[in-house]
Amino acid sequence: MPVVEWVGQSAQDREAVAANSSRLLNLYRESVQSGGLTRYILKPVPGQAVISTLSTALLRAMGWVSGDVYVASGGVLYTVAADGTATSKGEIRDSEETTIAGNNFLTTVCSAGRYYVLDGGALTEPPAGAFSDFGSVAFLNNYTLLTERNGRRVQWSNPADPHTLDGLSFGTTEGSDDNNIRGL
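In this text, all values refer to a predicted model and were calculated from it rather than measured experimentally.

### Concerning a nonpolar patch on the surface
Next, step 1: Together, Tyr143, Trp156 and Phe170 line one region of the surface with nonpolar side chains, adding up to about 250 Å² of accessible area.
Next, step 2: You can see Trp156 is positioned in strand S13 (residues 153-156).

What follows is the structure, given as structure tokens:
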């Protein structure tokens, strides 16, 4: 009966820095180049396929909200259908810091310091509350959470109402003197 060495001790592969032998999905076995502690590694091959093509090159953010896929690219918020059809929902500021979250069937977007809410077909910018320069958006227990861009404050909406930002509904992160980067 032949013996097949599946995987041995871990070794870093210069070609696939992210190679991980603990993930056994979409992998193939490859001989390790000389100098490794084992003769084989498992290289990951992500199962990806193109489902939609947008007119811009940079995808800034992508989010799944109430069963729909939303994409921010080139200063536009799109929804992408299962067949790959992308439909524009409105213009937003273009930024590499864009985040997308949901709040009970509403889509919220934070991009380049601005905060947007997609309610049905209308993309609006709600009035600011405790601060007006937004860094990121997240959702937690029926609240929309917004971080202050280049600041330490976190603001939250009224329950299940991302349009309403009370000026007194905020807190300051106290763990360190560093600014918030992003809320998750």
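Still more to cover.
### Quick notes on the packing of aromatic side chains
Next, step 1: Across all of its chains, the model carries two aromatic pairs by this definition.
Next, step 2: An angle of 55 degrees between the planes, with centres 5.6 Å apart, marks the rings of Tyr115 and Phe134 as tilted. In this pair, Tyr115 sits in strand S9 (residues 114-119) while Phe134 sits in strand S11 (residues 134-140), placing the two residues 19 residues apart along the sequence. This pair shows no difference in class: Tyr115 is buried, exactly as Phe134 is.
Next, step 3: Residues Phe131 and Phe134 carry aromatic rings whose centres are separated by 5.6 Å and whose planes lie at 50 degrees to one another, so their mutual orientation is tilted.
Next, step 4: Judged by its relative accessible area of 5%, Phe131 falls in the buried class.
Next, step 5: Under the relative-accessibility criterion, Phe134 is labelled buried at 4%.
Next, step 6: In textbook terms, an aromatic cluster arises when at least three aromatic residues are bridged by ring pairs, as seen for Tyr115, Phe131 and Phe134.
Next, step 7: It is Arg153 that lies over the ring of Phe170; its NZ or CZ is 5.8 Å from the centre.

### Comments concerning the pairing of S9
Moving residue by residue along a regular strand, the side chains alternate between the two faces of the sheet.
Next, step 1: Looking at chain direction, strand S8 (residues 106-111) and S9 are connected through five bridges and run antiparallel. Its bridge partner lying in S9, Val109 is registered against Tyr116.
Next, step 2: In sequence, S8 turns back onto S9 through a hairpin of two residues, with Ala112 there showing a positive phi of about 50 degrees.
Next, step 3: Judged from the three bridges that link them, S9 and strand S10 (residues 122-124) form a sheet pairing that is antiparallel.

### Things to note about the sheet that holds S10
Next, step 1: Pairing in this open sheet of four strands is antiparallel, and the strands run S7-S8-S9-S10 from one edge to the other. The open sheet is flanked by strand S7 (99-103) and S10, the only strands paired with a single partner. Averaged over all neighbouring strand pairs, the angle between strand axes comes to 20 degrees, with direction disregarded.

### Here we look at the sheet that holds strand S3 (residues 59-65)
Next, step 1: Strands sit in the order S3-S4-S5-S6 across an open sheet of four strands; the sheet is antiparallel. The open sheet terminates on both sides in strands that have one partner only, identified here as S3 and strand S6 (86-91). Strand after strand, the sheet turns through a mean of 25 degrees between neighbouring axes, direction not considered.
Next, step 2: In this sheet, S6 lies alongside strand S5 (residues 76-80) in antiparallel orientation, the contact comprising five bridges. The residue bridging Tyr78 from the neighbouring strand is Ser88, located in S6.

### Section: the environment of Phe105
Next, step 1: Looking at the element boundaries, Phe105 is found in the loop between S7 and S8.
Next, step 2: You can call Phe105 exposed: its relative accessible area is 71%.
Next, step 3: Phe105 sits 37 residues away from Asp68 along the chain, and the two C-alpha atoms are 9.6 Å apart.

### Looking at unusual backbone geometry
Next, step 1: You will see that Asn142, though not glycine, has its phi angle at about 70 degrees, which is positive.
Next, step 2: The topology assignment puts Asn142 in the loop between S11 and strand S12 (143-148).
Next, step 3: Non-glycine residue Asn150 carries a positive phi angle of around 55 degrees.
Next, step 4: As for its placement among the helices and strands, Asn150 is situated in the loop between S12 and S13.

How each quantity is defined
Residues numbered from 1 in each chain as written. Predicted model: local features only at pLDDT ≥ 70, side-chain atom pairs only at ≥ 80, totals over all residues. Heavy atoms only, no water. Patch = residues over 30% accessible without salt bridge, like charges linked within 9 Å, V, L, I, M, F, W, Y side chains within 5 Å. Areas by Shrake-Rupley, 256 points an atom, 1.4 Å probe, with all protein chains shown as cover. Salt bridge = Lys/Arg side-chain N within 4 Å of Asp/Glu carboxyl O. Helix = DSSP H or I, 4+ residues; strand = E, 2+ residues; numbered from the N terminus. Phe/Tyr/Trp six-rings, centres within 6.5 Å; stacked < 30°, edge-to-face > 60°. Buried < 20%, exposed > 50% of the residue type's maximum accessible area, 1.4 Å probe, protein only. Lys NZ or Arg CZ within 6 Å of the ring centre and 35° of its normal. Pairing = 2+ DSSP bridges. Axes fitted to C-alpha atoms, helices over the stretch in contact; angles between N-to-C directions.

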